[in-house]
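# Descriptive analysis of the structure
The primary structure of each chain is shown beneath.
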Amino acid sequence: MRTGFVNAIISTFAYTLLFYVNSWITSELVFGLGVNWIYLPAGLRLFLTLIFGLPGAIGIAIASTLISYFGELSSDLTICIGTGLISGFAPYLARIFVFSNVSLDPDLSNMNLQKLLLCILIYALMSAGLHQYWYATVGLQNTGSVNHFAVMAIGDILGSVLLIAVIKSCLDLIKRLRRTAH
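Below is a short write-up of the structure. Only a predicted model underlies this, so the values are computations on that prediction, with no experimental measurement involved.

### Overview of the overall build of the protein
- A tally of helices and strands in the protein yields six helices and two strands.
- Ordered by position in the sequence, the α and β elements of the protein form the string α-β-β-α-α-α-α-α.
- For 182 residues, the compact-globule estimate of 2.2 N^0.38 gives 16 Å, and the protein sits close to it at 16 Å.
- Seen along its three principal axes, the alpha-carbon backbone of the protein occupies a region of about 60 × 35 × 30 Å.
- Counting only residues that meet the buried cut, the protein has 43% of its 182 residues in that class.

Structural data, given as structure tokens:
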């Protein structure tokens, strides 16, 4: 129980931090309200739910609800809670789907590039679809269209691939530095 709480807190802070870093470095790539051509936090959403499971989803949901409410999305708490739940649980649902249908081990030990790309694609389509459906349902202006769905899915895919590439590059660099130090 205690570990789950810690993982949810880690997820909340990590997601919030990367959201604001992404907003800063990709401010020129915003397509519309809640839609960005490159969305690095998408990769973190997937990573946190793959690693932490439900606590990761809860942490992301909390962070996204607060970011939405105190940000530009809406002052309507219901809209923000719905957005937060989708942000946290779309990657969690993708995780469940992938674990059930792609024979991925719970410890991710058999994760390969093909399975990772499938996870990213399933998550991006699910997240973009649920977000845009929610936005259309609650009547947010200039959201919920096919264009917004497509750009959000592309942004989630690109952001996920870029974040994972950065993480992989950093891990490779750490390995090289350790080897040269010995």
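### Some words on the packing of helix H2 (residues 40–52) against helix H5 (residues 113–138)
- As a packed pair, H2 and H5 sit with axes 11 Å apart at the nearest point and diverge in direction by 110°. With respect to H5, the element H2 is oriented roughly perpendicular. Between H2 and H5 the crossing geometry is right-handed. Residues Ala-42, Arg-45 and Leu-46 of H2 form the contact with H5, whose own contacting residues are Cys-119, Ile-120, Tyr-123, Ser-127 and His-131.
- Split into classes, the residues belonging to the contact of H2 with H5 amount to five nonpolar, two polar and one charged.

### Comments concerning a nonpolar patch on the surface
- Residues Leu-54, Ile-58, Ile-62, Leu-66, Tyr-69, Phe-70, Leu-77, Ile-81 and Leu-85 make up a contiguous nonpolar surface patch of roughly 820 Å² in combined accessible area.
- Of all elements in the fold, only helix H3 (54–70) and helix H4 (77–101) reach the threshold of two or more residues within the nonpolar patch.
- With six residues, the single largest contributor to the nonpolar patch is H3.
- By the element assignment, Leu-54 lies in helix H3.
- Here Leu-54 falls in the partly exposed class, since its relative accessible area comes to 39%.

Reading guide: rules and limits
- Residues numbered from 1 in each chain as written.
- Predicted model: local features only at pLDDT ≥ 70, side-chain atom pairs only at ≥ 80, totals over all residues.
- Heavy atoms only, no water.
- Helix = DSSP H or I, 4+ residues; strand = E, 2+ residues; numbered from the N terminus.
- Rg over C-alpha atoms; globule rule 2.2 N^0.38 Å.
- Buried < 20%, exposed > 50% of the residue type's maximum accessible area, 1.4 Å probe, protein only.
- Axes fitted to C-alpha atoms, helices over the stretch in contact; angles between N-to-C directions.
- Parallel < 35°, antiparallel > 145°, perpendicular 65-115°, else oblique.
- Left-handed = near helix turned anticlockwise from the far one by under 90°.
- Contact = heavy atoms within 4.5 Å.
- Nonpolar A, V, L, I, M, F, W, Y, C, P; charged D, E, K, R; others polar.
- Patch = residues over 30% accessible without salt bridge, like charges linked within 9 Å, V, L, I, M, F, W, Y side chains within 5 Å.
- Areas by Shrake-Rupley, 256 points an atom, 1.4 Å probe, with all protein chains shown as cover.
- Salt bridge = Lys/Arg side-chain N within 4 Å of Asp/Glu carboxyl O.

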